[in-house]
Amino acid sequence: MIKANYPLSKFQDIQTPFYYYDLDLLRSTIAEVKTQSAKSDFVVHYAMKANVNTSVLEVIKNAGLGADCVSGGEVQAAVDAGIAPSKIVFAGVGKADWEINLALDNDIFCFNVESIPELEVIDELAGKKGKTAQVALRINPNVSAHTHHYITTGLSENKFGINMSEINKVIDLSLTLTSVKLIGIHFHIGSQITDMTSFQGLCVRVNEIQETFDARGIVLDHINVGGGLGINYEHPNHFSIPDFESYFKVFREHLILKPHQKLHFEIGRAIVAQCGSLISKVLYVKVGTSKSFVILDAGFTELIRPALYQAYHRIENLSSALPDEEYDVVGPICESSDTFVKNYMMNGTHRGDIIALRSAGAYGEIMASQYNLRKLPKAYTSDELK
Ligand code: LLP
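Below or above, wherever it landed, is the structure these notes cover. (Residues numbered from 1 in each chain as written. Predicted model: local features only at pLDDT ≥ 70, side-chain atom pairs only at ≥ 80, totals over all residues. Heavy atoms only, no water.)

**With respect to the layout of surface pockets**
By volume, the second largest pocket is sized at about 250 Å³. Grouping the constituent residues of the lining of the second largest pocket by class yields five nonpolar, two polar and four charged. (1 Å grid on protein atoms, 1.4 Å probe; cavity = no way out; pocket = protein on both sides within 12 Å on 5 of 7 lines; lining within 4 Å. Points joined across faces, edges and corners; volume = space filled by probe spheres on them. Nonpolar A, V, L, I, M, F, W, Y, C, P; charged D, E, K, R; others polar.)

So, in C-alpha cells, the structure goes:
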C-alpha cells in the first residue's frame, strides 16, 4: 500500500483530531489550474464553501484566484483574505438583505441571481445606495450531474436558479430595473462530478440558452458554468491533482463563446480536497462477535461526509506496517451513523496509532460541528510543521 508522506513525528505531539493541509500540494494544484485555464483565458473563482481555513485562503489569494461566495460571511472572509472584490461573485437562493448590502458596499463583481423576487430586492437595495449592481441570472439548465442526489443542483426539481421557461420574463423585468445591470448567466449542475459528459450536456444547454439572449439583442459579458469537478477519493496518492486539462477541454470544445465573452468557473472541491487530511488517533480496538471496530477520536463532528452522503474517504494507519486486517472504522459520537467505513482492510491497528482520513480538504473542516459539545478541530499546515 502506498502511503502519503506525513510529518508523523510532529503529529505525535499534537492533540488529535486535527486537520492537516499540505500547502505544497495545494500550490501545485493551483499552478495546474492556472496553466490549464490560461490556455483559453478562463477565469477561475475558488468556491469558498469548500474550505475557508486562513492558510489555505492565503495560498489561494496569492495565486490570484477570485472567490465564489454563498453567504455574507463568505463575502467578508474573501474580502478579509485580501481577494479583490472585483473578483468576487455571490450566489445563493436565500440572500438576506444584510448580505446583499454587504456585497454592495464592497462593490463585488457580480450577484448570481436565483429568482425574480431576489432580482427586485437587489435592485431596490442598490437603488437606495445610488449604486448599480452587476448581476448574472442563475439558470437551472435541467442537466443531470450523475452524482449523489444531495449534491445535484441543476435539475428542474431542485430549488436552485431560474427555470428556463422564465428566462424571457426575467429579461423583460431586468430591462425595466434601473439599479441592476445584467452582465452574465450562471449555472451550476452539482458537485463531485466525474462523468465529463455531464459538463458536455451543460455546454449544449448553454449554447441553446445563449440563442434566447441573442434573439433579444442582449449582450452578455460572461458565462459562469459553476464548479463541480470531482476528485478521486479511492486513490488520492495516485490522483493527487485532478485532471483539469480534460475538464477545461470539454468547455473549450463544446461551449460556443461570443468573441467578447469570458468563461468563468467556480471550483471548490477539485482545488482543495486532496491537500487536506483529518488526522486522528485510535482510542480503542474493540473485538466484537463478528467484527472488529477501530474507534477513533474523530467522528462525524469533524468529518460529516460519510454520514451525510455515504461518502468514502480512504483511511491510512500511519503508525502501522502490520499485515492488513478487516475493521469497521467508527467515531465516538453517540449515533450509529458515526461510521467512517465498514469491512475495511487496513494495517493491523492498535490503541494510539495515528490515522489519516484522506481527501478531506474540501467540505471537511468547514462542515465540522460541536455536537456532543465537542471542540471544533484545529488545523495545521505543512509549512508550519516543516
Ligand atoms: N458554485 C455553486 C453555485 C455551488 O453551489 C457549488 C457547490 C460550487 C460552485 C462548488 O462546487 P465544487 O467545485 O466544490 O463541486 N458538501 C458537499 C458539497 C456541496 C457542494 C455545494 N455547492 C460535499 O461534501 O460533497
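**Some words on the packing of aromatic side chains**
The relation between two aromatic rings is expressed through the spacing of the ring centres and the mutual angle of the planes. Enumeration over the complete set of coordinates arrives at 19 aromatic pairs. Centroid distance phenylalanine 199 to tyrosine 247: 5.0 Å. Interplanar angle 75°. Geometry classified as edge-to-face. Taken together, the residues span a long stretch of sequence, with phenylalanine 199 in helix H8 (residues 196–215) and tyrosine 247 in helix H9 (residues 244–254) at a distance of 48 residues. The pair formed by phenylalanine 199 and tyrosine 247 is uniform in burial state, with each residue classed as buried. For the pair phenylalanine 248 and phenylalanine 265, a centre-to-centre distance of 4.9 Å together with 90° between the ring planes defines the contact as edge-to-face. Highlighted residues: phenylalanine 248 in helix H9 and phenylalanine 265 in strand S10 (residues 262–267), separated in sequence by 17 residues. (Phe/Tyr/Trp six-rings, centres within 6.5 Å; stacked < 30°, edge-to-face > 60°. Helix = DSSP H or I, 4+ residues; strand = E, 2+ residues; numbered from the N terminus. Buried < 20%, exposed > 50% of the residue type's maximum accessible area, 1.4 Å probe, protein only.)

**Here we look at the pattern of salt bridges**
Applying the stated criterion to the full structure yields 21 salt bridges. The closest approach of N and O atoms between aspartate 105 and lysine 129, which form a salt bridge, is 2.9 Å. Placement of the pair is aspartate 105 in helix H5 (residues 97–105) and lysine 129 in the loop between helix H6 (116–128) and strand S6 (133–140), with a sequence separation of 24 residues. Under the relative-accessibility criterion, aspartate 105 is labelled partly exposed at 46%. Assessed through its relative accessible area of 33%, lysine 129 is described here as partly exposed. Glutamate 114 is the salt-bridge partner of arginine 138, the closest N and O atoms lying 2.9 Å from each other. In this pair, arginine 138 is assigned in strand S6 and glutamate 114 in the loop between strand S5 (110–113) and H6, connecting sequence segments 24 residues apart. (Salt bridge = Lys/Arg side-chain N within 4 Å of Asp/Glu carboxyl O.)

**Considering the nonpolar core**
One finds Phe111, Phe213, Phe251, Ile271 and Val329 to be the most contacted residues of the largest nonpolar core, which totals 99 residues. Counting contributing residues per domain, this core is built from domain 1 (8–18 + 274–381) and domain 2 (24–273), each supplying no fewer than three. Beyond its immediate chain neighbours, meaning those up to four positions away, phenylalanine 251 contacts Phe42, Phe199, Leu202, Cys203, Val225, Leu263 and Phe265. Counting eleven residues, the second-largest nonpolar core is a separate cluster that includes Ile279, Leu318, Ile354 and Tyr380. (Core = buried A, V, L, I, M, F, W, Y, C linked by side-chain atoms within 4.5 Å. Domains from an automatic or database assignment. Contact = heavy atoms within 4.5 Å.)

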